[in-house]
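Structural description and commentary
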Amino acid sequence: MEIKLTLLALPLLYLLGLLLTHALAVRAWPKVSGQKLVLLVILSGNFPSLGLGIFLLWPLRLEGWLPVLAYLVVVYNGLGYGYFHFFNLSETARRIRLLIEVYQGVGAGTEKYQPESMVKNRIDRLVAMGQLEEGQGKYRVKGRLLLNAALVLELYKKLLGF
Amino acid sequence: MTFAQIGFGFFVFATFWILHLLWWRLCRPKGEIRPLVLAFLVAPGLLFLGINRFYPFWGTLDLALAFFVHLALAVVYIQTYPAIASTIPSFRILIGVHASKGGLSVPEIEGLFAQGELIGSRVELLGEDGLVRSGEKGLELSSFGRLLAVVFLTYRRFLGLQRGQG
């Protein structure tokens, strides 16, 4: 009973830990790309999260550790991935920006949001993340991580009938 | 806890993913947030509650652990879905640059997007999800839209960041 309650409580601790660590990391490294930083925080959090799980469960004399560790890895990384996208939404989502602009009474929500600045913002972010590089006024693909993700999503769209 | 709970969480997620695939192929719903919440959170939640009430092959805590595994996978999928359903401008840029020979200039990259595509479609989706409506002075937020705006503003302030650039 106690073991299962601990396993149910751990994900909540993980989320809280991610939020606090991320807030500290943003203040410590303000110039690092937002997406890079949050990914680093999440990935490097795997070890302390597993450590915390083992620390809390050790006194409970658990018999089968393997499924418990698998559970912790799946749940932590699932939540971490969710947290990454939550941050990404706050950073890059056009809909969230529109909602906030309407909330703050900035025009009707679309007046200040020019397509040109939106494209430039994204090019700058892709360069900062090492996915694009600029030379002689032209942008070329540098890293393949996001490009491969984009190509996989294009395939999945076809599966869903888009 | 055994691998059975983890496996059952994966199984439930896979089942609802297939149902979602069929639903979308047969009749894609309008909006994004509500149908996904229904397909991956509400319906599976009811399933787990139903199992716990009428066919409790495990105890409540074991079922809750399996539900957490499903929940972790569902959150991953729901967060990825907007990238699938709509144009992700960064991805469009990468694919466009990748397909070009010798790279693209900024005006050429801007040319990858149709006029109004970047903003109009977003406003429509906000309306379909019931987050904004047209009022006398332009767009107005629904109560849920206002809540979302406050949540994201508060979150950015907590992190010590300015509002996102979109």
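Worth saying up front: this structure is predicted, and the values here are computed from it rather than measured.

Bringing the overall build of chain A into the picture now. A count of helices and strands for chain A gives 7 helices and 2 strands. In sequence order, the secondary structure elements of chain A are arranged as α-α-α-α-α-α-β-β-α. Its C-alpha atoms give chain A a radius of gyration of 20 Å, clearly above 15 Å, the size a compact globule of 162 residues would have. Along the first, second and third principal axes, the C-alpha set of chain A runs to 60 × 40 × 40 Å. Considering chain A as a whole, with its 162 residues, one finds that 30% of them fall into the buried category.

Residues and elements named next belong to chain A. As a packed pair, helix H1 (residues 2-28) and helix H2 (residues 34-44) sit with axes 10 Å apart at the nearest point and diverge in direction by 135°. The orientation of H1 with respect to H2, classified from their angle, is oblique. Where H1 crosses over H2, the handedness of that crossing is right-handed. Within the contact between the two elements, H1 uses Leu-18, Thr-21, His-22, Ala-25 and Val-26 and H2 uses Leu-37, Val-38, Val-41 and Ile-42. Of the residues belonging to the contact of H1 with H2, the class tally is 7 nonpolar, 2 polar and no charged.

Moving on, we get to the domain arrangement of chain B. The assigned domain composition of chain B is domain 1 (3-85) and domain 2 (118-166). In this structure, domain 1 of chain B and domain 2 of chain B have C-alpha centres spaced 27 Å apart.

This next bit is on the UniProt feature "transmembrane region" (unreviewed entry) in chain A. Residue and element names in this part refer to chain A. Mapped onto the present numbering, the UniProt feature "transmembrane region" (unreviewed entry) falls on residues 38-58 and 65-84. Counted over residues 38-58, helix gives 90% and strand 0%. Its end C-alpha atoms are 30 Å apart. In residues 65-84, helix accounts for 100% and strand for 0%; the two terminal C-alpha atoms are 28 Å from one another.

This next bit is on the packing of helix H4 (residues 65-92) of chain A against helix H3 (residues 60-85) of chain B. In the contact formed by H4(A) and H3(B), the axes pass within 8 Å of each other and the chain directions differ by 30°. Taken as axis vectors, H4(A) and H3(B) run roughly parallel relative to one another. The interaxial crossing formed by H4(A) with H3(B) has left-handed handedness. Along its contact with H4(A), which presents Tyr71(A), Val74(A), Val75(A), Gly78(A), Leu79(A), Tyr81(A), Gly82(A) and His85(A), the element H3(B) presents Leu65(B), Phe68(B), Val69(B), Ala72(B), Leu73(B), Val75(B), Val76(B) and Gln79(B). Here the contact of H4(A) with H3(B) is built from residues that sort into 12 nonpolar, 4 polar and no charged.

What follows deals with the interface of chain A and chain B. Across the contact, 63 residues belong to chain A and 64 residues belong to chain B. For the side of chain A that touches chain B, the secondary-structure elements that each account for two or more residues are H1, H4, helix H5 (94-103), helix H6 (115-128), strand E2 (138-141) and helix H7 (145-160) of chain A. For the side of chain A that touches chain B, the element with the highest residue contribution is H4(A), accounting for 14 residues. Classifying every residue of the side of chain A that touches chain B gives 37 nonpolar, 13 polar and 13 charged.

Below, the discussion takes up the domain arrangement of chain A. Taken domain by domain, chain A comprises domain 1 (2-99) and domain 2 (114-160). Centre-to-centre, using C-alpha coordinates, domain 1 of chain A lies 27 Å away from domain 2 of chain A.

The next subject is the UniProt feature "transmembrane region" (unreviewed entry) in chain B. Residue and element names in this part refer to chain B. The UniProt record annotates "transmembrane region" (unreviewed entry) at residues 6-24, 36-58 and 64-84. Secondary structure across residues 6-24 divides into 100% helix and 0% strand, with the first and last C-alpha atoms of the span separated by 27 Å. The distance from the first to the last C-alpha atom of residues 36-58 is 27 Å, and the span holds 83% helix and 0% strand.

Of note in this structure, Gln136(A) is not a glycine but carries a positive phi near 55°. We classify Gln136(A) as exposed; it has 8 C-beta atoms within 10 Å.

Core analysis: the biggest nonpolar cluster contains 35 residues, and Tyr71(A), Val75(A), Leu79(A), Phe68(B), Val69(B) and Ala72(B) have the highest contact counts within it. Mapped by element, the contributors of at least two residues to this core are H1, H2 and H4 of chain A together with helix H1 (3-26), helix H2 (33-54) and H3 of chain B. Take this core: its biggest share by element is 11 residues, from H3(B). The residues contacting Tyr71(A), other than those within four sequence positions of it, are Leu7(A), Met1(B), Ile6(B), Leu65(B) and Val69(B).

Here we take up helix H7 (residues 143-159) of chain B. Taking 1.5 Å of rise per residue, 17 residues should cover 24 Å, and H7(B) covers 24 Å from first to last C-alpha, within 8% of that figure. For H7(B), the full list of buried residues reads Gly145(B), Leu148(B), Ala149(B), Phe152(B) and Leu159(B). Take H7(B) and look down its axis: the buried residues cluster within an arc of 100°, on one side only. More than 90 degrees from the buried face of H7(B), the exposed residues found are Ser143(B), Thr154(B) and Arg157(B). For H7(B), the secondary structure elements touched by its buried residues are H1, H4 and H5 of chain A together with strand E1 (132-135) and strand E2 (138-141) of chain B. Positive phi shows up at Gly160(B), right after H7(B), with a value of about 85°.

Calculation criteria
Throughout this description, residue numbers start from 1 for each chain and increase along the sequence as written. Chain labels run from A onward and ligand labels from 1 onward, assigned in the order the entries are written. pLDDT decides what is reported in this predicted model: residues at 70 or higher carry local features, side-chain atom pairs at 80 or more are listed and counted, and totals for whole chains, interfaces and linings draw on all residues regardless. Numbering of helices and strands runs from the N terminus; a helix is a DSSP stretch of H or I covering at least four residues, while a strand is a stretch of E covering at least two. This radius of gyration counts C-alpha atoms alone. The globule rule is 2.2 Å times how many residues there are, raised to the power 0.38. Here the C-beta atoms are placed from the backbone, and a residue counts as buried if at least 20 other C-beta atoms lie within 10 Å of its own, exposed if 12 or fewer do, and partly exposed otherwise. Each axis is a line fitted through C-alpha atoms, and for a helix only the stretch in contact is used; angles between axes span 0 to 180 degrees, taken between their N-to-C directions. By definition in this entry, angles of less than 35 degrees are roughly parallel, angles greater than 145 are roughly antiparallel, angles of 65 to 115 are roughly perpendicular, and the rest are oblique. For any helix crossing, the convention is left-handed if the near helix is rotated counterclockwise from the far helix by under a right angle, and right-handed if that rotation is clockwise. In this description, any two residues whose backbone-derived C-beta atoms lie within 7 Å of each other are considered to be in contact. Residue type decides the class: Asp, Glu, Lys and Arg count as charged, Ala, Val, Leu, Ile, Met, Phe, Trp, Tyr, Cys and Pro as nonpolar, and the leftover types, Gly among them, as polar. Residue ranges for the domains trace back to a domain assignment, done automatically or taken from a database. UniProt positions are given in the numbering used here, feature names are shortened, and annotations may be inferred rather than shown by experiment. Nonpolar cores are identified as sets of buried Ala, Val, Leu, Ile, Met, Phe, Trp, Tyr and Cys residues joined via C-beta atoms within 7 Å. The span expected for a helix works out to 1.5 Å for each residue beyond the first. The directions from the helix axis to the C-beta atoms form the arc being described.

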